[in-house]
Amino acid sequence: MWSRQRGGLKPLRCGVEQLRCRRREREAALRKARREQQLVSKRLLRDEALEEAEEGCVAMIFGEAEIQQFLRLAQRGTEEKEREGALVSLRRGLQRPETQQTFIRLEGSIRTLVGLLTSNQALLQLEAARCLHELSHSEQSAVVEACLPATSYLLTYLSGHSSDFISPHLTVLEALGYALSQLLQAKEAPEKIIPSVLGSTLPQHMLQLLQPGPKLNLGVAVEFAWCLHYIICSQVNNALLITQGALSTLGLLLLDLAGAVQRTEDAGLELLACPVLRCLSNLLTEAAAEAVGGQLQLRDERVVAALFILLQFLLQKQPSLLPEGLWLLNNLTANSPSFCTSLLSLDLIEPLLHLLSVSNVVSVLVLTVLCNVAEKGPAYCQRLWPGPLLSSLLDTLAFSDTEVVGQSLELLQLLFLYQPGAAQAFLQQSGLQALQRHEEVAQLQDRVHALQQTALHG
Amino acid sequence: MQLPPALHARLAGAPGSAEPLPVERDPAAGTTPFSFAPRLVRFPREHDFFEDGDVQRHLYLQDVLTQVGGAPERPRRPSARVPEFTCQVAGCCQVFDALEDYEHHYHALHRNVCSFCKRAFPSGHLLDTHILEWHDSLFQILAERQDMYQCLVEGCTEKFRTSRDRKEHLVMRHLYPADFRFDKPRRSRGPAVPGAAEQVLAEALGDDRVPSEGDAMEVCSEHVEPSPEPAGERRAYSHRCLTRI
C-alpha cells in the first residue's frame, strides 16, 4: 500500500555530485520563485522536464483539424497501436499553450478525453491521463477550469473500483489529483474555484481517497492531500469540511503515517506528511473544531504519539519540515489541558527538548509548546520539574537569537511562578550570569530584569 | 531523538484521551513585561512559513514530470509477457499476452455485468442501481407514485421522480458532464473488435435517437423482464429474491 509505483529510473548521465549541485540550483530557483509569488507558474515545472524529455524536439502546434483527427483515431481507430500513437502525438502537442487553447475550444474534446480516461483499454487510459497532465500545466486558468466538470464524474467512476484499484486507474486518479491541485493553486481559486468545489461532492471523494487502509495509494493520497491543503489554507469554508469528517479522517491518516514510517524505509512518506500536518493545523483553528459533539473533534491521545513518531522521522529525513510538525503540536496543546497532560504522561518532554538544537525556528516552537504546558498551572509545572528542562533552558539562554531567548524568558517566568524551588535551582546553576548577557538587548531587557528580581527576591 | 518505548504501544493501543491535570492559573502569568498566552496559529496560503514544504513539493513534481513527460513512445508494460490466452468469459474472445491487461479488461467489462442485458458497470453500486431501475417491475410500479430515482453519487440522498430530473441534478449539483454515461453496452458486433465499446459510447454521446429520458443508465427505453433461468451474477440472484416478495 505504501510503496510508490514509479516508472524506471532515468539513466544517470552525470555524477552524484553534479546531481546534488543540480538539485541545489533547482531548490534555489524554486525559493526565489516562491518569494516572487511565482511558484504557481507552470513554466517552472515544465522547463526542466521539457529540456530533458524532448532533447531538442520542439512540440508542434496543432490546429483544430489535426486535434480532431487525433481524437477520432484515438476513439475509433481499429489498431491499438494506432490509437495509442494518436494520443501520444496529441499529448506532445498539448505541451504548447496554443494547442491547449485550441483543444479546450473544440467542442466535445474534453468529453472525448473523459471517455478515454474511462476506457477499458489500459494503455489508452494511461495515455489519456498523460494528456490530462499536460492540460493541467497550462498557465491559462481557462484551460484547467475546462477540466473541472469532468473531475466529479471521473472520481465517481474511479472510486467505484475502490475495492481493488488497478494500475491505470491509479495513474488516472493521480493525474486527476495533480490537475486539481494545480487548479486550486491559482490566484483566483479562492473566489472562483474553491466555492464551487466545496459545493460539490469533491471534498467527500477526496476524504474517501485519504482514508487509511489497505486501499490507500501513496501517490494518489499525496495529490489529494495537497488539494485539501490549498482549499483549507484559502479559508473559504473550513467549517463545512469539518462537518464532513475532515478532522477525523486526517487524524486517522496521521496515525497510519506514523505506523508506516516505523515499518518501512520507503522514501516518500514525508510527501504526504507535509500536507496532512498543514491541513490538521489549520483546521484546528476553526471554531467548528471545538464545537461540542465529540465525533468530529480531534481528541485522541494517539495523535500526539503519532506526531512524535513523525517528528523523529522528519528529523532524520526532512528536518525542514519540523516546524510544520511543531506547528501542529502547538495547535493541539494551546487550549487543551488533555493534550498537555498527554505530553507529560507519555514522557515526551525530553524528546521535545532534543529538538532545541536543530534551528532557531524549531527552538522557538519547542519553547512555545513548553509554555503551553507550563501556563496551565502548578500541576503541570510540577511534572516538568526537575528533569533536563533547566539545563536546556540555560543552554537556550546562550543563544544569540532574540526570539529564542525571549521565548525562554517567558517559560522561565511561568516556571518561577508555578514551581517552588525553580528560581532557587536557577540561581544555583548560574542562571543570573546566563541572563546578564541579554541585559542590554532592547526586546529582552525588561523581561531579564523582571526575572532577575524574581530570582533574587522571590 | 529517543522516544519512550511505550509510545509505539500507545499508538497501537485503543483510542482515548488523557484525563487532564487540574488547570490553575495565576493572574500574574504573562503580564507585563511578559506576554505569553497560548494561541492557535493559522497560516494563509502565501505565508513564508510554507516555503520549505512548498519547495520540496515542487522538487518532487519536477521529478515526476520529467518521468511522465519523457515517457517513451511505447508506454511501459510492467507486467510480464505470457503465452497468449483468451478471456474465458462466455462470448468474449479477447486475446491477451500480459496479465495486467487481462486484469484491466476483466475489471472493465466483466466484473459488474448485468446478467439481463449484459451491460457492464464500473462498480457494484451502479450495477445495483441499474438492475433496480431497469429489471425490477416493482420499482416501476412504485415510481409512478413516488420519487424513486436515487442520485448516483454515493453519499447524496436526493431522490427524483424521473431519471431526467436525476440527470439534471447530477449535472447541476455534482458537476457531471451533460452527456456522461457509466454503462458499457454489450458488444453488438462479433468478438474482439478493439474499441467496440468506445464506438458505441461515442455514438451514444451525440445520439439523438435516444428517447427524451435518455441518460447514462439506459441505452434504450424498453424494460427487460427478469429472466427465469438462473444467472451467473450474484446480484441477479439476490434481485430475483426481491421480486418474489
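Residues numbered from 1 in each chain as written. Chains lettered and ligands numbered in written order. Predicted model: local features only at pLDDT ≥ 70, side-chain atom pairs only at ≥ 80, totals over all residues. Heavy atoms only, no water.

### Brief notes about the overall build of chain A
Counting secondary structure elements, chain A contains 26 helices and 0 strands. Buried positions account for 62% of the 458 residues belonging to chain A. Expressed as a percentage of contacts within chain A between residues at least 6 apart in sequence, the contacts between residues at least 24 apart total 73%. Total accessible area computed for chain A in this model is approximately 17200 Å², and 50% of it derives from carbon and sulfur atoms. (Helix = DSSP H or I, 4+ residues; strand = E, 2+ residues; numbered from the N terminus. Buried < 20%, exposed > 50% of the residue type's maximum accessible area, 1.4 Å probe, protein only. Contact = heavy atoms within 4.5 Å. Areas by Shrake-Rupley, 256 points an atom, 1.4 Å probe, with all protein chains shown as cover.)

### Section: the environment of Lys159 of chain B
All names here are of chain B. By the secondary structure assignment, Lys159 is in strand β6 (residues 159–160). Taking the relative accessible area as the measure of exposure, Lys159 reaches 41% and is therefore partly exposed. Taking the C-alpha atoms as reference points, Lys159 and Ala18, 141 residues apart in sequence, are found 44 Å from one another. Setting aside chain neighbours within four positions, we find Lys159 in contact with Asp147, Tyr149 and Gln150.

### What to know about the confidence of the model for chain B
Residues of chain B with pLDDT of at least 70 account for 61%, and the chain-wide mean is 69. With pTM at 0.73, the complex prediction returns an ipTM value of 0.84. (pLDDT = per-residue confidence, 0-100.)

### Focus: the nonpolar core
All names here are of chain A. Within the largest apolar cluster, 187 residues are counted, with the highest numbers of intra-cluster contacts made by Phe103, Phe308 and Leu370. For this core, the element with the most residues is helix α12 (residues 218–233), which contributes 12 residues. The contacts of Phe103, once residues within four sequence positions are left out, are Ile67, Leu71, Leu90, Leu94, Ser109, Ile110, Leu113 and Leu135. (Core = buried A, V, L, I, M, F, W, Y, C linked by side-chain atoms within 4.5 Å.)

### Things to note about the packing of helix α20 (residues 360–374) of chain A against helix α23 (residues 402–418) of chain A
All names here are of chain A. Direction vectors running N to C along α20 and α23 enclose 15°, while the axes themselves pass 9 Å from each other. Taken together, α20 and α23 sit at an angle that is classed as roughly parallel. Viewed along their axes, α20 and α23 form a crossing whose handedness is left-handed. Here Asn360, Ser363, Val364, Leu367, Thr368, Leu370, Cys371 and Ala374 of α20 come into contact with α23, specifically with Glu403, Val404, Gln407, Ser408, Glu410, Leu411, Leu414 and Tyr418. When its residues are assigned to classes, the contact of α20 with α23 shows 9 nonpolar, 5 polar and 2 charged. (Axes fitted to C-alpha atoms, helices over the stretch in contact; angles between N-to-C directions. Parallel < 35°, antiparallel > 145°, perpendicular 65-115°, else oblique. Left-handed = near helix turned anticlockwise from the far one by under 90°. Nonpolar A, V, L, I, M, F, W, Y, C, P; charged D, E, K, R; others polar.)

### Side note on unusual backbone geometry
Each neighbour pair has its own omega, and for Trp385 of chain A with Pro386 of chain A the value is -5°, a cis peptide bond. Within the secondary structure, Pro386 of chain A sits in the loop between α21 (378–384) and α22 (389–396). Thr32 of chain B connects to Pro33 of chain B through a cis peptide bond whose omega is 5°. Tracing the chain through its elements places Pro33 of chain B in the loop between α1 (6–12) and α2 (51–69). Despite not being glycine, Gln235 of chain A shows a phi value in the positive range, around 55°. The topology assignment puts Gln235 of chain A in the loop between α12 and α13 (238–243).

### Section: the packing of aromatic side chains
With the rule as written, the count across this model stands at 10 aromatic pairs over all chains. Each ring, one from Trp327 of chain A and one from Phe43 of chain B, has its centre 4.9 Å from the other, and the planes form 65°; the classification is edge-to-face. Note that Trp327 of chain A is positioned in helix α17 (residues 322–333) and Phe43 of chain B in the loop between α1 and α2, a pairing that runs across two chains. Looking at Phe43 of chain B, the relative accessible area reads 11%, which means it is buried. Taken together, a centroid distance of 5.7 Å and an interplanar angle of 55° make the contact between Trp327 of chain A and Phe50 of chain B tilted. Residue Trp327 of chain A is found in helix α17, and its partner Phe50 of chain B is found in the loop between α1 and α2; the two belong to separate chains. Owing to a relative accessible area of 2%, Trp327 of chain A belongs among the buried residues under this scheme. (Phe/Tyr/Trp six-rings, centres within 6.5 Å; stacked < 30°, edge-to-face > 60°.)

### Considerations on helix α11 (residues 202–209) of chain A
Across the 8 residues that make up α11 of chain A, a large majority, 6, are buried. Among all positions in α11 of chain A, only Leu202, Pro203, His205, Met206, Leu207 and Leu209 of chain A are buried.

### Considering the pattern of salt bridges
Side chains that differ in charge, positive against negative, can pair when their charged atoms come close. Within this structure, the stated rule accounts for 18 salt bridges over all chains. Between Glu324 of chain A and Arg278 of chain A there is a salt bridge, with its nearest N and O atoms 2.7 Å apart. Of the two residues, Glu324 of chain A is situated in helix α17 and Arg278 of chain A in helix α15 (residues 269–283); the sequence distance between them amounts to 46 residues. A salt bridge links Glu133 of chain B to Arg166 of chain B, with the shortest nitrogen-to-oxygen separation between them at 2.6 Å. Taken together, the positions of Glu133 of chain B in helix α4 (residues 124–134) and Arg166 of chain B in helix α6 (residues 163–174) put the pair 33 residues apart, joining distant regions of the chain. On the accessibility criterion, Arg166 of chain B (0% relative accessible area) is buried. Overlapping salt bridges, with partners in common, bring together Glu27, Arg31 and Arg35 of chain A together with Glu51 and Asp52 of chain B in one network. (Salt bridge = Lys/Arg side-chain N within 4 Å of Asp/Glu carboxyl O.)

### Some remarks on the side chain of Arg57 of chain B
Mapped onto the fold, Arg57 of chain B is located in helix α2. Polar side-chain contacts of Arg57 of chain B include one of 3.4 Å to the side chain of Ser181 of chain A. In this structure, Arg57 of chain B is in contact with Tyr178, Ser181, Val222, Glu223 and Trp226 of chain A, ignoring residues within four places of it in sequence. (Polar contact = N/O pair within 3.5 Å; in protein donor to acceptor, adjacent residues only side chain to side chain.)

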